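As a plain string of letters, each chain reads:
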Amino acid sequence: MWKGKDVISIRDFSKKDIEYVLKTAENLEHELKEKGSLEYAKGKILATLFFEPSTRTRLSFESAMHRLGGSVIGFSEASSTSVKKGESLRDTIKTVEQYSDVIVIRHPKEGAARLAAEVADIPVINAGDGSNQHPTQTLLDLYTIKSAFGKIDGLKIGLLGDLKYGRTVHSLSEALTHYDVELYLISPELLRMPKHIVEELKERGIKVYETSDLESVIGELDVLYATRIQKERFPDEQEYLKVKGSYVIDCEVLKKAKETLKVMHPLPRVDEIHPSVDSSKHAIYFKQVFSGVPVRMALLGLTLGVIE
Amino acid sequence: MWKGKDVISIRDFSKKDIEYVLKTAENLEHELKEKGSLEYAKGKILATLFFEPSTRTRLSFESAMHRLGGSVIGFSEASSTSVKKGESLRDTIKTVEQYSDVIVIRHPKEGAARLAAEVADIPVINAGDGSNQHPTQTLLDLYTIKSAFGKIDGLKIGLLGDLKYGRTVHSLSEALTHYDVELYLISPELLRMPKHIVEELKERGIKVYETSDLESVIGELDVLYATRIQKERFPDEQEYLKVKGSYVIDCEVLKKAKETLKVMHPLPRVDEIHPSVDSSKHAIYFKQVFSGVPVRMALLGLTLGVIE
Amino acid sequence: MWKGKDVISIRDFSKKDIEYVLKTAENLEHELKEKGSLEYAKGKILATLFFEPSTRTRLSFESAMHRLGGSVIGFSEASSTSVKKGESLRDTIKTVEQYSDVIVIRHPKEGAARLAAEVADIPVINAGDGSNQHPTQTLLDLYTIKSAFGKIDGLKIGLLGDLKYGRTVHSLSEALTHYDVELYLISPELLRMPKHIVEELKERGIKVYETSDLESVIGELDVLYATRIQKERFPDEQEYLKVKGSYVIDCEVLKKAKETLKVMHPLPRVDEIHPSVDSSKHAIYFKQVFSGVPVRMALLGLTLGVIE
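Residues numbered from 1 in each chain as written. Chains lettered and ligands numbered in written order. Predicted model: local features only at pLDDT ≥ 70, side-chain atom pairs only at ≥ 80, totals over all residues. Heavy atoms only, no water.

Chemist: Got a minute to help me understand the overall build of chain A in this structure?
Modeler: Counting its secondary structure elements, chain A contains 11 helices and nine strands. By the compact-globule yardstick of 19 Å for 308 residues, chain A fits well, its C-alpha radius of gyration being 20 Å. For chain A, the C-alpha atoms occupy an extent of roughly 55 × 45 × 40 Å along the three principal directions. In chain A, buried positions account for 61% of the 308 residues. Excluding contacts between residues fewer than 6 apart, the proportion of contacts in chain A whose partners are at least 24 apart in sequence is 72%. For chain A, the exposed surface amounts to about 11,900 Å²; the carbon and sulfur share of it is 47%. Averaged over its 43 positive side-chain charges, chain A has a centre that lies 2 Å from the centre of its 46 negative ones. (Helix = DSSP H or I, 4+ residues; strand = E, 2+ residues; numbered from the N terminus. Rg over C-alpha atoms; globule rule 2.2 N^0.38 Å. Buried < 20%, exposed > 50% of the residue type's maximum accessible area, 1.4 Å probe, protein only. Contact = heavy atoms within 4.5 Å. Areas by Shrake-Rupley, 256 points an atom, 1.4 Å probe, with all protein chains shown as cover. Lys, Arg positive; Asp, Glu negative; His and termini not counted. Charge placed at Lys NZ, Arg CZ, Asp CG, Glu CD.)

Right under this line is the structure:
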């Protein structure tokens, strides 16, 4: 059923699909811990095609493939590929699939991953295409929440920062509509979640609260998901500086939070979260980084058909 | 006998050598299909030294080494190597051979691969040096033809495009002199096969037909091997545009061909072959890409001495 | 005891530590030769973080990890990392350790490796940070000497070239104070070993001879360790040219040497050693390159805790 499937957009995943990936990831994490090494993907080859660099995502996928006992080939930026000779993406994909068993693609252009999936006979996993989709990030976010609380239903989840342009929070809120959660959308006025997304969330039965004031709601939250605010988004630097300061999560701000609040961040961070928070009981953003490995192991294993 | 041998030029290969590589590749392809993974090169290390980028060739070799159960180290362009510190190629090779069991080298300068082979105690495989030689391309071309027809003898093979500068077609025609074939050399006047090569082909008993008109001969052919025509070769762009158009292989042109004609291309293509041809029964250029893997598996395995 | 340990500076190593690494490396070299492939690090992942390129060192570590049966992920230059997005080294390390079992770091800034080691829960091995330390080079130098003579005690060792700025010779002479050796420091006046190092060597009981005349002492030596002299160090090019010439090791100079003299060099060389020396009985600099593999296998295996 999963064998040969592509992973392009979180929208293609039913709740049952999501739950199945999370369950498989959990099993793999435990099995790996127990046995030290696995051989599910022995003899299989992952091709990582990064047409734009993303070291973090690339290393996470490569680690996942090695943890499954498989091998990796690929490139980490487009500069040294046949693209320079005028080759179409279509031909590059048709070529690389002759060398490998599964493709992970990162591409600056929206729709590139979908095109690759249509062209290739082997499974294609989207590792981000333009401002479009990055479904494995969303799945690892869900996995991190579920690992921390044992469940997703019933949680109050705050999304903080740039909610207008942030692809991560768009996909995550989309996926959370499968669950019974309350969403707190915390952002400066200029960077509010697009109206059509808010409408859609509400239509699908999610309670949504919008605010620009973190301190007024932090006490309610089970999860606070912070994202980077990019200076370039602001026409006036003064406005940026004002906003920026009010969303720095530090130990002071966290005094108002529940004991059990968990802070997440897709990383890299610049100064949205003060380093002193790292050693607090609230911080799970490096655990979140780790979660990328079992989740990607699950996706690689399932689509390769070596795990059922 | 093969253990420790270098693979530098197709001219170094007797017909018996060629047949042995093709047979070994065929066996490996079948064995891999049957078993899923092989371990011939377990514990062995391939060093891929790409002094100029060639993603396609590099990934093909790396795939081949992984399919044999071995590991890969190396670099994909010269920019980050000791070459910058003034190190000689000789010293780079003497160094890298301490870390590996077989070297694949790609280098912009003619003769570099031969030099590397002389210096190294471990086998060296040429993955292209300047306009000189790229023997593994020729072997995979032969393998593709043999896979498609079950034989090479008796075939009528057309070589199309830039026959003057195209290293691929020079090496292939050279290798085909070991077989009983007829060659159709189809090119614009400006880009005809060099006289000395045509003479040599004839001396070695090959029937050679030269023409600039594809349509007049396409009905005769069993194989049509297309290559890229580079604009830079033409002093007058008008002439380029005229020529270029007349060598685009599309479904219209193929109507005049035999049912069994197979179209090949070393790739990347720009617009020599229309994408609509890809799904026709004639197209085997992606199968040709695939052929690079078993052929390179054979060469790696034989020169490493792990396959006999 | 070794499991989880970092390898940052040769100063952190007691004589017992050094001897243990050398002994482990020797055992691994023999075991590898005998068995063809090892599986100590099966399922383990090395992350090679090269914030500045060093192909030689990177390939040596990667070869060592593969020889142990492990896998490798990483990057070979900083250009394509999250560093560009303003991420701190601390966060990069905290991230990468989620994907791997041991980290090898090369960084242009002094102290970077120590910082990485403090941050990471997994072992960190320094592959050179600024002009500071490169401990695995020193260990492989010692291993090479011990392999050649069966011992280090009792040897007369000449260090030649740029003794002022050369990090390699500083670390090596430091490490040699654990042994009963005599050191000949041979350099132009401008590039003499810093006074405080010479004082320290003497205080720790080493007999030290300083000279600028290679020919007058070469007959005494068991080992001659040559290094590159960089033109940029000299205010006056004439002076550079004079000096440079007098330190070229060729077959003529070696006529005055003992039969058993061994010549070493950390490589890459430019013209400090004439290529004709390579095939002489004196040359062990490519054997020295090879020594990097068993020494790094030992360090990886010990810090991973897969070898005791």
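Chemist: Any chance you could explain the pattern of salt bridges here in plain terms?
Modeler: Pairs can form between side chains of opposite charge whenever their charged atoms are close. Across all of its chains, the model carries 77 salt bridges over all chains by this definition. Note that Arg 114 of chain A and Asp 12 of chain A form a salt bridge whose closest N and O atoms lie 3.1 Å from each other. Linking Arg 114 of chain A in helix H4 (residues 112–119) with Asp 12 of chain A in the segment before helix H1 (15–35), this pair joins segments that are 102 residues apart in sequence. Exposure remark for Arg 114 of chain A: the relative accessible area of 36% places this residue in the partly exposed category. Judged by relative accessible area, Asp 12 of chain A falls into the partly exposed class, the value being 37%. When salt bridges that share partners are traced, they join Glu 39 and Lys 42 of chain A, Glu 39 and Lys 42 of chain B together with Glu 39 and Lys 42 of chain C into one network. (Salt bridge = Lys/Arg side-chain N within 4 Å of Asp/Glu carboxyl O.)

Chemist: Sorry, what's going on with the packing of aromatic side chains here?
Modeler: The relative placement of two aromatic rings is captured by the distance of their centres and the angle of their planes. For the structure on display, the rule yields 15 aromatic pairs over all chains. Between Trp 2 of chain A and Phe 13 of chain A, the aromatic rings sit 6.0 Å apart at their centres with planes inclined by 50°, giving tilted as the arrangement. Within this pair, whereas Trp 2 of chain A is found in the segment before H1, its partner Phe 13 of chain A is found in the segment before H1, the two being separated by 11 residues in sequence. By the burial criterion, Trp 2 of chain A is buried, and Phe 13 of chain A matches it. Taken together, Trp 2, Phe 13 and Tyr 20 of chain A form an aromatic cluster joined through their ring pairs. For Lys 94 of chain A, the ring lying beneath its charged end belongs to Phe 286 of chain B, and the centroid distance is 5.7 Å. Geometry around Phe 61 of chain C places Arg 296 of chain C over its ring, the cationic atom sitting 4.7 Å from the centre. (Phe/Tyr/Trp six-rings, centres within 6.5 Å; stacked < 30°, edge-to-face > 60°. Lys NZ or Arg CZ within 6 Å of the ring centre and 35° of its normal.)

Chemist: In this structure, what is going on with the environment of Leu 221 of chain A? I would like to understand it.
Modeler: All names here are of chain A. Within the secondary structure, Leu 221 is located in the loop between helix H8 (214–217) and strand S8 (223–226). When the C-alpha atoms of Leu 221 and Ala 257 are compared, they prove to be 7.3 Å apart, with 36 residues separating the residues in sequence. Setting aside chain neighbours within four positions, we find Leu 221 in contact with Lys 156, Ile 157, Gly 158, Tyr 184, Ile 186, Lys 258 and Leu 261.

Chemist: Could you clarify how one ought to interpret the relation of the copies chain B and chain C in this entry?
Modeler: Two chain copies, one operation linking them: a rotation about an axis together with a shift along it. For the pair chain B and chain C, the superposition axis carries a translation of 0.0 Å, the fit reaches an RMSD of 0.0 Å, and the rotation angle comes to 120°. The superposition of one copy onto the other is thereby described by a three-fold rotation axis. Taking C-alpha positions as reference, the residue of chain B nearest the rotation axis is Ser 71 of chain B, located at 5.0 Å. (Least-squares fit on C-alpha atoms with pLDDT ≥ 70 in both.)

Chemist: I would appreciate a short explanation of the interface of chain B and chain C in the present structure.
Modeler: One frequent convention defines the size of an interface as the accessible area lost when the parts assemble. Each side of the interface is counted separately: chain B has 25 residues, and chain C has 24 residues. For the pair chain B and chain C, the summed buried area comes to about 2,200 Å², and 51% of that belongs to carbon and sulfur atoms. At the junction of chain B with chain C, the criterion picks out five salt bridges. In this structure, Asp 101 of chain B and Arg 67 of chain C form a salt bridge, with 2.8 Å as the shortest nitrogen-oxygen distance. Summed over the shared surface of chain B and chain C, the result is 12 residue pairs in polar contact (both at pLDDT 80 or more). Sorting the residues of the side of chain B that touches chain C by element identifies strand S2 (71–75) and helix H3 (89–96) of chain B as the ones contributing at least two each. Here the residues of the side of chain B that touches chain C are counted per class, giving six nonpolar, 10 polar and nine charged. (Buried area = accessible area lost by both parts, 1.4 Å probe. Polar contact = N/O pair within 3.5 Å; in protein donor to acceptor, adjacent residues only side chain to side chain. Nonpolar A, V, L, I, M, F, W, Y, C, P; charged D, E, K, R; others polar.)

Chemist: Would you mind showing me how to read the UniProt feature "binding site: L-aspartate" (unreviewed entry) in chain A here?
Modeler: Residues and elements named next belong to chain A. UniProt tags Lys 85, Arg 167 and Arg 228 as "binding site: L-aspartate" (unreviewed entry). With respect to the element layout, Arg 228 can be found in the loop between S8 and helix H9 (237–246). Note on Arg 228: relative accessible area 24%, which makes it partly exposed. Within the local environment of Arg 228, its side chain forms a polar contact with the backbone oxygen of Pro 268, the two atoms lying 3.4 Å apart. (UniProt positions renumbered as here; feature names shortened; annotations may be inferred.)

Chemist: What is the right way to look at the interface of chain A and chain C in this model?
Modeler: With 24 residues of chain A in contact, the opposing surface of chain C contributes 26 residues. Between chain A and chain C lies a buried interface of about 2,200 Å² when both sides are counted; carbon and sulfur atoms form 51% of it. Taken together, the links from chain A to chain C amount to five salt bridges. Between Lys 42 of chain C and Glu 39 of chain A there is a salt bridge, and its shortest N-O distance comes to 2.6 Å. For the pair chain A and chain C, the interface holds 12 residue pairs in polar contact (both at pLDDT 80 or more). When contributions to the side of chain A that touches chain C are tallied by element, the ones reaching two or more residues are helix H2 (55–67) and helix H11 (285–304) of chain A. The leading source of residues in the side of chain A that touches chain C is H2 of chain A, at nine residues. Per-class residue counts for the side of chain A that touches chain C are nine nonpolar, six polar and nine charged.

Chemist: Even after reading the chapter, I still don't get the side chain of His 170 of chain B, so can you show me in this structure?
Modeler: All names here are of chain B. Within the fold, His 170 resides in helix H6 (residues 167–176). Only 3.2 Å separates the side chain of His 170 from the backbone oxygen of Lys 164, close enough to count as a polar contact. Excluding anything up to four places from it in sequence, His 170 contacts Leu 163, Lys 164, Tyr 165, Met 193, Pro 194 and Ile 197.

Chemist: Sorry if this is basic, but what is going on with the confidence of the model for chain A here?
Modeler: Should pLDDT be low for a region, the predicted coordinates there are not to be read in detail. On average, residues of chain A score 94 in pLDDT, and 97% of them reach the 70 mark or higher. Scoring the predicted complex yields pTM 0.96 and, for the interface, ipTM 0.95. (pLDDT = per-residue confidence, 0-100.)

Chemist: Explain the packing of helix H5 (residues 135–149) of chain C against helix H6 (residues 167–176) of chain C to me, please; I cannot follow it from the model alone.
Modeler: In a packed pair of helices, the relevant descriptors are the angle between the two axes and the axis-to-axis distance. All names here are of chain C. Close contact between H5 and H6 brings their axes to 9 Å; oriented N to C, the two are set at 60°. One finds that H5 runs oblique with respect to H6. Every pair of crossing elements has a handedness; the one defined by H5 and H6 is right-handed. From H5, Gln 137, Thr 138, Asp 141 and Leu 142 reach across to H6, where they touch Thr 168, Ser 171, Leu 172, Ala 175 and Leu 176. Across the contact of H5 with H6, the residue classes tally to four nonpolar, four polar and one charged. (Axes fitted to C-alpha atoms, helices over the stretch in contact; angles between N-to-C directions. Parallel < 35°, antiparallel > 145°, perpendicular 65-115°, else oblique. Left-handed = near helix turned anticlockwise from the far one by under 90°.)

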